[in-house]
Amino acid sequence: MLTAAPAAWATDAAPAAAAGTRIPIESFFENSSFSGAILSPDGRRLAVRVAPGGQRVRLAVLDLASMQVKVVAFFSDADVNDFRWVNDQRLVFDLADRQLAQGALRYGPGLYAVNADGSNYRQLVTRTDVRQNKRAILLLPWNTFLLESIGDQQSDDVFVTQPEFTRPGEVNDLALLRLNTSTGIVKTIAQPPGTRNWLFDKQGQLRVAQVRNGAQEEIHYRDSAEAPWRTLARFDAYSGGKDAFTPAFFAPDGALYVHARHGGDKLALYRYDLEKNRFDDAPLAASPDFDVQVEMLGGSGRLLGLRYETDAQTTQWFDEKMQAMQKQVNALLPTSVNSLSTGWRSATPFILVRSVSDTMPITYRLFNSETGSLSVLGSARPAILPSQMANKDLRHYKARDGLDIPAWLTIPNGGAKKRPMVVLVHGGPWMRGSWNWNAESQFLASRGYVVLEPEYRGSTGYGQHHFQAGWKQWGLKMQDDIADGARWAIAAGLADPQRICIAGASYGGYAALMGLINDPDLFRCGIDWAGVTDIELLRNGSWGGYSDVSEHYRRYGMPVLIGDPVKDAAQFRATSPLQQAARITQPLLLAYGSADQRVPLPHGRQFYDAVRKTNAQVEWVEYATEGHGWALPATRYDFWQRVETFLDRNIGPGSHRQ
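All residue numbers refer to positions counted from 1 along the written sequence of the respective chain. For this predicted model, a pLDDT threshold of at least 70 governs which residues receive local features, and a threshold of 80 or more governs which side-chain atom pairs are given and counted, while totals over whole chains, interfaces and linings are taken from all residues. Calculation of side-chain values draws on the structure's entire complement of heavy atoms; hydrogens and water are dropped beforehand.

Q: I keep staring at the overall build of the protein chain and nothing clicks. Help me out?
A: Numbering goes from the N terminus for both helices and strands, where a helix is a DSSP run of H or I of at least four residues and a strand is a run of E of at least two. From N to C terminus, the protein chain includes 11 helices and 37 strands. Radius of gyration: C-alpha atoms only; globule rule: 2.2 Å multiplied by the number of residues to the exponent 0.38. For 658 residues, the compact-globule estimate of 2.2 N^0.38 gives 26 Å, and the C-alpha radius of gyration of the protein chain, at 25 Å, lies within 12% of that figure. Across its three principal directions, the C-alpha atoms of the protein chain cover 70 × 60 × 55 Å. When each of the 658 residues of the protein chain is scored for burial, the buried share is 56%. Residues count as neighbours in contact if any of their non-hydrogen atoms are within 4.5 Å of one another. If you take every contact in the protein chain between residues at least 6 apart in sequence, the share linking residues at least 24 apart comes to 56%. Surface accessibility in these figures is a Shrake-Rupley result with a 1.4 Å probe; residues are shielded only by whichever protein chains are displayed. Of the accessible surface of the protein chain, which amounts to about 27100 Å², a share of 50% is contributed by carbon and sulfur atoms. Using a 1.4 Å probe on the protein chains alone, a residue whose accessible area is under 20% of its type maximum counts as buried, one over 50% counts as exposed, and one in between counts as partly exposed.

In structure tokens, the structure reads:
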């Protein structure tokens, strides 16, 4: 066990890179050294996840009265992963292994509990598929996973799930258990058949169950643990409908709040009247420009505020004291988004502050509301200096059919005037970006490239119309939106029209390949890592690689969102990079993981075999044991070094592209 002042966690600022030198790749893509902090419910202690000097991630507890630190969990063969407070005195956590990629993993996450002083340590779940007897307690099997926090509990209990897998990505059954972290005793919780998600009230009682019934999503509710279940809503699991909503949380007063569109375009937070079975007319939280999905901020038995994402993270305080503290912290940290957290029933003046900006990685600080002092706890990327990073802004442009397209624009320091540009396409494709520090875009900007990240139609977070406009538009209007963004940047004088590259992973890799096919005059090169190369291959899989895409999504989701395998077969062929590979003549970098279960290796292998028949400018790299994304720092360093060399050669200052 170690004791130290909290300042010991904070790494000294990295020396500034000398003029004309490049910031090391490792500074952008190393593992996080300080990756989380949570105040105890009473606010007297702070649990932190930290990896000093690149060592294994450990769990430590800071006693805020004495400012003494104690490491309460440290493994020589694993890293502390998810962790949370069970109550004022007890923590629960599971494990990961940051030194192994997906294909090399042989263990589950396990589950462990320990008191804040390091006592009463207990393993609760085995990491292997062999049941073990320890301290006369039969450990739960490896497929037992911790649920998210259920709020203020006075017991040593947590909730866990036990999915029954028929194959990777396919869950046949999903049991819900209540587990005592001190005794290891479990109790099965009754739930409606087909339940996939749960919502508990602040007393730890299961009140809402989200049930999957074929293509339908059903919301079931009960008034108490003894009351019968009743159905509140039923709607299509993927296309939704006017009655669709998602349970958000129970407030301390017992009111149920849900996310719904309620006849509008944007998702908002509404109180749900359980007696009348309908939403309140006015939302509690909403934005005219963004969907909002809200996290409740509670304390002392009251709803203190709400936190949600617009262009950046937004906090809406109802409590005057918290609102005043927010203003005080913002005045001390005016260039970042500062998220304040307090213990559920805090008895101390300490507030945890999580700060981030477009130029600053996540940084944790401790604010003393009595003295007004603010001290640094740690940074996710201590080697990154905000002064060396580039600003990132949300811009808008019109697609060729008039649809408004938001896009994140990162401009290298020194401004942009016909610079080389990388169009970086996000994956999903049903997701969105945000105003925060991003390693990929900042790395590219540090090398002198303007970075454009379009929120093409189909991206989430911008309303139902924007999302639905992307249905069945892979390689079509979704692709046009990306090309229109590049042309907008050219017209604005930001990008050199002769030096534009398109890049992305997963769906972004698919879009990079389709960009080279559809717009060869615009994109001079492409980078695809872990990218889909054929929709039919994604839907059906292949003998050479199994996909973890669920059968439910294949049967009900893909026909709605991507296309029907029979009716849209001709469209699938026309928008298949694999079948259109001969049309790609530009330089191309391909990178795939041999253990990828989302986009299996045959996507890359078959495409590479096809494209190199007619294109000699293709570079291929296969990372053994890596999955859908790069888990190992060594892989990230190697890949981004290849990206740097590839871009320098093809669109960099010395490339002389004509």
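Q: How should I be thinking about the sheet that holds strand E20 (residues 256-260) in this particular structure?
A: Across a sheet, strands are paired by hydrogen bonds formed along the backbone, either parallel or antiparallel in direction. Pairing between strands is defined by DSSP: at least two bridges between them are needed. Read from one edge of the open sheet, four strands run E19-E20-E21-E22, paired in antiparallel fashion. A strand with exactly one partner marks an edge of an open sheet, and here the two such strands are strand E19 (245-250) and strand E22 (278-279).

Q: Just to check I follow, could you spell out the packing of aromatic side chains for this structure?
A: Given two aromatic rings, one states the distance between the centres and the angle between the planes to describe the pair. Aromatic contacts are taken between Phe, Tyr and Trp rings whose centres are within 6.5 Å, Trp giving its six-membered ring; a plane angle under 30 degrees counts as stacked, one over 60 as edge-to-face, and the others as tilted. Under the criterion given, the structure shown has 34 aromatic pairs. Ring centres of Phe28 and Trp437 lie 6.4 Å apart, and the angle between their planes is 5°; on these two criteria the pair is classed as stacked. Note that Phe28 is positioned in helix H1 (residues 25-29) and Trp437 in the loop between strand E32 (419-425) and helix H3 (439-446), a separation of 409 residues in sequence. The exposure class assigned to Phe28 is buried, which follows from its relative accessible area of 0%. Judged by its relative accessible area of 12%, Trp437 falls in the buried class. Look at Phe245 and Phe279: their rings are 5.7 Å apart centre to centre, the planes differ by 90°, and that puts the pair in the edge-to-face class. A residue pair is termed long-range when its members are at least 10 positions apart, and Phe245 in strand E19 and Phe279 in strand E22 qualify at 34 residues. Taking relative accessible area as the criterion, Phe279 reaches 9% and is therefore assigned buried. By the ring-pair criterion, three or more aromatic residues cluster together here, those being Phe28, Phe29, Trp437, Phe443, Trp529, Tyr623, Trp630, Phe639 and Trp640.

Q: What's the story with the pairing of strand E30 (residues 391-398) in this structure? I'm lost.
A: Side-chain direction in a regular strand flips from residue to residue, so the side chains alternate between the two faces of the sheet. Bridging between E30 and strand E31 (residues 404-411) involves eight bridges; their strand directions are antiparallel. Its bridge partner lying in E31, Asp393 is registered against Leu409. Hairpin connection between E30 and E31: a loop of five residues separates the two successive antiparallel strands, and Gly402 in this loop has a positive phi of roughly 95°.

Q: What am I meant to see in the environment of Asp484 here?
A: Take Asp484: it is sitting in helix H5 (residues 477-491). With a relative accessible area of 10%, Asp484 lands in the buried category. Along the chain, Asp484 and Ala399 lie 85 residues apart, while their C-alpha atoms are 5.8 Å from each other. Beyond its immediate chain neighbours, meaning those up to four positions away, Asp484 contacts Tyr397, Lys398, Ala399 and Arg400.

Q: How should the side chain of Thr359 be read in this particular structure?
A: Structurally, Thr359 is set in the loop between strand E27 (350-356) and strand E28 (363-368). On the accessibility criterion, Thr359 (12% relative accessible area) is buried. Beyond its immediate stretch of four places on either side in the chain, Thr359 contacts Ile384, Pro386, Met389, Ala390, Asn391, Trp437 and Gln442.

Q: What's the story with the nonpolar core in this structure? I'm lost.
A: Generally speaking, soluble globular proteins have nonpolar side chains that are buried together. To form a nonpolar core, buried Ala, Val, Leu, Ile, Met, Phe, Trp, Tyr and Cys residues must be joined to one another through side-chain atoms within 4.5 Å. Counting residues in hydrophobic clusters, the biggest one holds 58 residues, and the most contacted among them are Met421, Val423, Trp474, Phe523, Ile562 and Leu590. For this core, the leading source of residues is helix H6 (residues 507-518), giving eight residues. In this structure, Trp474 is in contact with Pro429, Trp430, Tyr507, Tyr510, Val532, Ile535, Leu538, Ile562 and Thr575, ignoring residues within four places of it in sequence.

Q: What is the right way to look at the sheet that holds strand E25 (residues 313-317) in this model?
A: Pairing is antiparallel across the open sheet formed by three strands, whose spatial order is E23-E24-E25. Looking along the sheet, the strands with just one partner apiece sit at the ends: strand E23 (295-299) and E25. Mean inter-strand twist for the sheet, computed between neighbouring axes without regard to direction, equals 25°. Sheet topology places strand E24 (residues 302-309) next to E25; five bridges connect them, and they run antiparallel. What sits directly across from Gly305, in E25, is Trp317. Inter-axis angles, ranging from 0 to 180 degrees, are taken between N-to-C directions of lines fitted to C-alpha atoms, where helices are fitted over the stretch in contact.

Q: Which parts of the structure should I look at to understand the packing of H3 against helix H11 (residues 633-650)?
A: Axes are the key here: two packed helices are described by the angle between their axes and the distance separating the axes. H11 packs onto H3 with a crossing angle of 40° between their chain directions and a minimal axis gap of 11 Å. The orientation of H3 with respect to H11, classified from their angle, is oblique. Considering how the two elements wind past one another, H3 and H11 form a crossing that is right-handed. Residues Glu440, Phe443 and Leu444 of H3 pack against Trp640, Val643, Glu644 and Leu647 of H11. For this scheme, ten residues count as nonpolar: Ala, Val, Leu, Ile, Met, Phe, Trp, Tyr, Cys and Pro. Four count as charged, namely Asp, Glu, Lys and Arg, and the remainder, Gly too, count as polar. The class makeup of the residues in the contact of H3 with H11 is five nonpolar, no polar and two charged. Relative orientations are named as follows: roughly parallel for angles under 35 degrees, roughly antiparallel for angles over 145 degrees, roughly perpendicular for angles from 65 to 115 degrees, and oblique for any other angle. Rotating anticlockwise by less than a right angle from the far helix to the near helix defines a left-handed crossing, while the corresponding clockwise rotation defines a right-handed one.

Q: When you look at the pattern of salt bridges in this model, what are you seeing that I'm missing?
A: Two side chains that carry opposite charge are able to pair once their charged atoms sit near each other. Each salt bridge in this description consists of a side-chain nitrogen of Lys or Arg and a carboxyl oxygen of Asp or Glu lying within 4 Å of one another. What the rule picks out here adds up to 33 salt bridges. For Arg400, the salt bridge identified is with Asp480, shortest N-O distance 3.5 Å. Separated by 80 residues along the polypeptide, Arg400 in the loop between E30 and E31 and Asp480 in helix H5 bring together distant segments of the chain. Judged by its relative accessible area of 22%, Asp480 is partly exposed. Here Asp519 ties to Arg487 by a salt bridge, and the two come within 3.3 Å at their closest N and O atoms. With Asp519 in the loop between H6 and strand E35 (525-529) and Arg487 in helix H5, this pair connects stretches of sequence that are 32 residues apart.

Q: Mind showing me how you'd approach the side chain of Arg90 here?
A: Looking at where Arg90 falls in the secondary structure, it is placed in strand E6 (residues 90-96). Although Arg90 lies buried, it forms no salt bridge, and the closest oppositely charged side chain, Asp156, sits 4.9 Å away as judged by the N-O distance. Every residue in contact with Arg90, bar those within four places of it in the chain, is listed here: Arg84, Trp85, Ala113, Val114, Asn115, Ser119, Asn120, Arg122, Asp156, Thr181 and Ser182. For the charge count, each Lys or Arg is scored as positive and each Asp or Glu as negative, with His and the chain ends excluded.

Q: What is the right way to look at the packing of H5 against H6 in this model?
A: Their axes nearest at 10 Å, the elements H5 and H6 cross at an angle of 75°. Between H5 and H6, the crossing angle belongs to the class labelled roughly perpendicular. For the pair formed by H5 and H6, the contact residues are Met478, Gln479 and Ile482 on the first element and Tyr507, Ala511, Met514, Gly515 and Asn518 on the second. When its residues are assigned to classes, the contact of H5 with H6 shows five nonpolar, three polar and no charged.

Q: What should I look at first to understand H3 in this one?
A: Since the α-helix turns once every 3.6 residues, residues separated by three or four places project in the same direction. Counted residue by residue, H3 has six buried out of eight residues, so it is predominantly covered. Among all positions in H3, only Ala439, Ser441, Gln442, Phe443, Leu444 and Ala445 are buried. Against H1, E31, E32, strand E33 (450-454) and H11 lie the buried residues of H3. After H3 finishes, the residue Gly448 shows a positive phi value of roughly 100°.

Q: What am I meant to see in the environment of Ser459 here?
A: Here Ser459 shows up in the loop between E33 and helix H4 (464-468). Looking at Ser459, the relative accessible area reads 0%, which means it is buried. In the structure, Ser459 is positioned 54 residues away from Ile405 in sequence and 9.8 Å away in space, judged by C-alpha atoms. With residues up to four places along the chain from it excluded, the contact list for Ser459 reads His426, Pro429, Met431, His466 and Phe467. The definition of a polar contact used here is a pair of N or O atoms within 3.5 Å, where within protein one atom must be able to donate a hydrogen and the other to accept one, and adjacent residues in sequence count solely through side-chain atom pairs. Engagement of the side chain of Ser459 in a polar contact is seen with the side chain of His426, the distance being 2.9 Å. For Ser459, the side chain forms a polar contact with the main-chain oxygen of Tyr456, separated by 2.7 Å.

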